[in-house]
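Descriptive structure summary
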Amino acid sequence: MSVKVKSVLQTEEKMMRDTYCRVLTGLAAENENIAALDADLMSSSGMKPFMQTYPDRFINCGIAEANMIGVAAGLSAMGYIPFAHTFATFATRRACDQVFMSAAYAKLNVRIVGTDPGVCAAYNGGTHMPLEDMAVLRAIPEITLVEPTDSVMLENILPKIAEKYGVYYIRLNRKNAVGVFESGSEFEVGKGVLLRDGGDVALFASGIMVAEALEAAKLLDEQGVSARVVNLFTWKPIDAEMVIESAEKTGAVVTCENHNVVGGLGSAVAETLVKTRPVPVEMIGVQDQFGEVGPEDYLRGRFNLNAADIAAAALRAVKRK
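The structure contained in this document is the topic of the report that follows. (Residues numbered from 1 in each chain as written. Predicted model: local features only at pLDDT ≥ 70, side-chain atom pairs only at ≥ 80, totals over all residues. Heavy atoms only, no water.)

Another aspect to go through is the overall build of the protein. Across its full length, the protein carries 13 helices and 14 strands. Over its C-alpha trace the protein gives a radius of gyration of 19 Å, about what one expects of a compact globule, namely 20 Å for 321 residues. Along the three orthogonal principal directions, the C-alpha set of the protein runs to about 60 × 40 × 40 Å. Within the span of the protein, comprising 321 residues, buried residues form 58% of the whole. Intrachain contacts of the protein at a sequence separation of at least 6 include 79% that bridge at least 24 residues. (Helix = DSSP H or I, 4+ residues; strand = E, 2+ residues; numbered from the N terminus. Rg over C-alpha atoms; globule rule 2.2 N^0.38 Å. Buried < 20%, exposed > 50% of the residue type's maximum accessible area, 1.4 Å probe, protein only. Contact = heavy atoms within 4.5 Å.)

Among the secondary structure elements, Val99 is positioned in helix 6 (residues 96-105). Between the C-alpha atom of Val99 and that of Tyr123, which follows or precedes it by 24 residues, the distance is 27 Å. Not counting residues within four places of it along the chain, the set of residues in contact with Val99 comprises Ile69, Ala91, Ala104, Ile112, Leu137, Ile140 and Ile143.

For helix 4 (residues 65-77), spanning 13 residues, the distance from its first C-alpha to its last is 19 Å, which sits close to the expected 18 Å at 1.5 Å a residue. Within helix 4, burial applies to Glu65, Met68, Ile69, Ala72, Ala73, Leu75 and Ser76. Buried residues in helix 4, looked at end-on, bunch into an arc of 160°, giving them a common side. Tucked inside the fold, the buried residues of helix 4 contact strand 2 (34-38), strand 3 (58-60), strand 4 (81-87), helix 5 (88-94), helix 6 and strand 5 (110-115). (Expected span 1.5 Å × (residues − 1). Arc of directions from axis to C-beta.)

Each aromatic ring pair is specified by the distance between its two centres and by the angle formed by the two planes. Inspection of the entire model under this criterion finds six aromatic pairs. Between the aromatic rings of Phe100 and Tyr105, the centroid separation amounts to 6.3 Å while the plane-to-plane angle is 10°, which identifies the pairing as stacked. For Tyr105, a relative accessible area of 61% corresponds to the exposed category. Each residue in the set Phe50, Tyr54 and Phe58 is aromatic and connected to the rest through ring pairs, giving one cluster. Here Arg57 stacks its cationic end above the ring of Tyr54, 4.4 Å away from the centre of that ring. (Phe/Tyr/Trp six-rings, centres within 6.5 Å; stacked < 30°, edge-to-face > 60°. Lys NZ or Arg CZ within 6 Å of the ring centre and 35° of its normal.)

So, in structure tokens, the structure goes:
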């Protein structure tokens, strides 16, 4: 696994949804069993090019997300590899029973793509703001949960996910992500990515919080604190080896997630450490609250998801050692 982090982090020119559609369309050209399902959000999900290229393998299920997961399960039973797309709130809260019964319990081969995670839902507001989607699905046995960081990671891991068997949930920021990785970087689902080494505190981050964690590490440098930054883009199965190694090396941990801290990445890390290497753990994320309407920048500040918040939490964790 070869990974290179960009020296300067900037917002990517292309939306993540465009990269997703392009890569999936290319995979469909190579594998006639790949199909896409949509819940009447084709424009939002950016899937029109796929539909136009493979109209016989694209199904608009309408505003009926639970039914869409059932259709995906049926397609899987017939030998297809379905990718079902909708907003993350609808893919998880609304369709939870179908994900559990029709897909996971039946041990079928289904990909679920939930877009606009956490505060990325922005003006769609609290009803459409998935701050619990990963927690909801993390409780389902044998499911794999991933949150691609940028387009480079998405382009690399999507073909690997398409080749595997099982139920996968892809938590996808459909807008323009901050580019963290250089083109050509390689990733492995289930393995964390060491972005920066350090000896005083470990910052575990996912999704939009990765760039914030890297910035927080710079802020901590200015205060004489050395931070190790790890991208845990796979929430389940968690990379226990990386988590334990980082805790042993630093003795203090901060988790950084665009998600409720209840049942999310912080919980997954804490569950791992409490059984093996208990250390002080601080959790940056939404503190058991509902979302609200607003621009993403405002919401990041509202819920304390910025680099300065991570750095402050790191100092607290170090002090508790």
